[in-house]
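# Structure at a glance
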Amino acid sequence: MSFSNTTRRAWLKGAASLAAISGFRPVRALAEGASSLPAARPKPADRHFTSEAVEETIRTVSAKIGDPNLAVIFSNCYPNTLDTTVFPGSFAGKPDTFVVTGDIDAMWLRDSSAQLWPYLPLLKRDGKLRELVEGLIRRQGRMIRLDPYANAFTRSESDPPLSWAVADKTKHVPGVGERKWEIDSLCYPIRLAAGYWKATGDAGPFDAEWAQTAWAIVRTFREQQRKHGPGPYSFQRSSPIPTDTVPLSGFGNPARPVGMIYSMFRPSDDACIYPLFVPANLFAVLSLRQLAELAGGPLNDAKLHAECLALADEVERALRQYGLTEDAKHGQIWAYEVDGFGNVLKMDDANAPGLLSLAYLGCCGVDDPIYRRTRAFALSDANPYFFRGKAAEGIGGPHEGLGMVWPMSILIRALTSVDDAEIRQCLRWLRDTTAGTGFMHESFQKDNPAEFTRAWFAWANTLFGELILKLAQERPALLAAKLE
């Protein structure tokens, strides 16, 4: 099969062995008690990184979980990123961390940030874990300076792009795995950096080089407001999958430059229909304000601070004017994508940022009236990618097709819920759709969880751990109760 005809989906389906990438081998060893799911972590000697703070958290929290299968899934999933996907090292005498997504041997800016996010509360207790996260912040900064339009990177600049990206018609930069421009690719590293600084107070990663990263992010967002033309980025791919390429010579469908930031791709790595992608713009507003805090703190850059706030305010004004739409049943809600001419796409996708995940990411509160209406829309039949089946209900998307529910959407539904009954139901669906593996997957068929994609998808695994930790802190009685 030639590189030009190879797609990410085909590569994943044709992968002969997960072990070929990192030695990840689920071990079939049933846990004590009533659990029917396997305790499937790699053997200690095969784990990439071990944190005593994480191990202690697993022991403490597992003892508080009333359902044995949920406890096993937590013990498998919460450390999965550390067990199987991190590669600690050093670069120029400073910490450097490469993080693969799981079954793809490349580092996505989005995924790597999300994979380490749930460990931030433990950093003060574990210096080596803190150094691991610092290494990722530094690596991400270096990658963004290399190419702020890329979404995924290889281990070294001498490595070729990902097989399905070799023939892409775009600027090729050594070290880039794939070059799909997604707003969230620059937002997630800011989220991780701001969270790290808040958790540790350590200004170490925020040196002159990281300041260059910050300015590269702002410059890229400004370019993609497209006030003075289409900007430097374009992308085309020869593929049988329409969402893998960008129309109109790679610059995307027409949109009016109204102050929002153009995005050619969604966090699913699928092409946008209308380039003004609302959830990612809302995420950018939050991220720019977080970057302003870093500018006013460890970066000590008053000009950057002012520029971030000005851009955030401008994008927010445009969102309020162009990003809202009316739904016959739910009232005023956030659109998914718009073009500034009045055309609106009403849907939601399981990936974050999406409409459901806005409160999870911190773009708004869970009680925000617009969010509550938008959430109700996303979790209803009015959303064309909301699926109800015999096994579960949840949001999917075009990436894996109709009828495929993403556990990530169920996890985010639970993380943004204020209703115990809804959270319990989400836990049941998550528990009962691992197809006996004890891990989360990318997606599963709504009537048959044994039909799933990606047996090794670390972002979803770590997100499951994050949900359980949140429930242990905020709703311990719910977590301690047995599920039917």
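Reference entry: report on the structure contained in this document. Keep in mind that this is a model prediction, so the values were computed, not measured. (Residues numbered from 1 in each chain as written. Predicted model: local features only at pLDDT ≥ 70, side-chain atom pairs only at ≥ 80, totals over all residues. Heavy atoms only, no water.)

## Focus: the overall build of the protein
Helix and strand counts for the protein stand at 18 helices and 15 strands. The C-alpha radius of gyration computed for the protein amounts to 21 Å, which stays within 12% of the reference 23 Å derived for 484 residues, consistent with globular compactness. Expressed as lengths along the three principal axes of its C-alpha atoms, the size of the protein is roughly 65 × 60 × 50 Å. Evaluated residue by residue, the protein yields a buried proportion of 62% over its 484 residues. For the protein, restricting intrachain contacts to residue pairs at least 6 apart in sequence, the fraction spanning at least 24 positions comes to 68%. About 17700 Å² of surface is accessible on the protein, with carbon and sulfur atoms providing 53% of the total. (Helix = DSSP H or I, 4+ residues; strand = E, 2+ residues; numbered from the N terminus. Rg over C-alpha atoms; globule rule 2.2 N^0.38 Å. Buried < 20%, exposed > 50% of the residue type's maximum accessible area, 1.4 Å probe, protein only. Contact = heavy atoms within 4.5 Å. Areas by Shrake-Rupley, 256 points an atom, 1.4 Å probe, with all protein chains shown as cover.)

## Quick notes on the packing of helix 6 (residues 109–116) against helix 8 (residues 184–200)
Two elements in contact, helix 6 and helix 8, have axes whose closest approach is 8 Å; the angle formed by their N-to-C orientations is 25°. Comparing their axes, helix 8 and helix 6 come out roughly parallel. As for the relative orientation of helix 6 and helix 8, their crossing is left-handed in sense. Within the contact between the two elements, helix 6 uses L109, R110, S113 and A114 and helix 8 uses D184, S185, Y188, P189 and L192. (Axes fitted to C-alpha atoms, helices over the stretch in contact; angles between N-to-C directions. Parallel < 35°, antiparallel > 145°, perpendicular 65-115°, else oblique. Left-handed = near helix turned anticlockwise from the far one by under 90°.)

## Considerations on the sheet that holds strand 5 (residues 176–178)
A sheet is described by the order of its strands in space; here 3 strands give the open sequence 3-4-5, paired in antiparallel fashion. Among the strands making up the open sheet, the edge pair consists of strand 3 (107–108) and strand 5. The pairing of strand 4 (residues 152–153) with strand 5 spans 2 bridges and is classified as antiparallel. Residue pairing in the sheet places A152 in a bridge with E178 of strand 5. (Pairing = 2+ DSSP bridges.)

## Some remarks on the pattern of salt bridges
Under the defined criterion, the tally for this structure stands at 42 salt bridges. For E52, the salt bridge is made with R59, and the minimal N-O distance between the two is 2.5 Å. Since its relative accessible area comes to 49%, E52 is described here as partly exposed. The partner of E316 in a salt bridge is R289, and the shortest N-O contact between them spans 2.8 Å. A residue pair is termed long-range when its members are at least 10 positions apart, and E316 in helix 12 (residues 302–322) and R289 in helix 11 (residues 278–296) qualify at 27 residues. Judged by relative accessible area, R289 falls into the partly exposed class, the value being 27%. The network of salt bridges with shared partners includes K94, R130, E134, R138, D202 and D207. (Salt bridge = Lys/Arg side-chain N within 4 Å of Asp/Glu carboxyl O.)

Just geometry here; none of it tells us what the structure is for.
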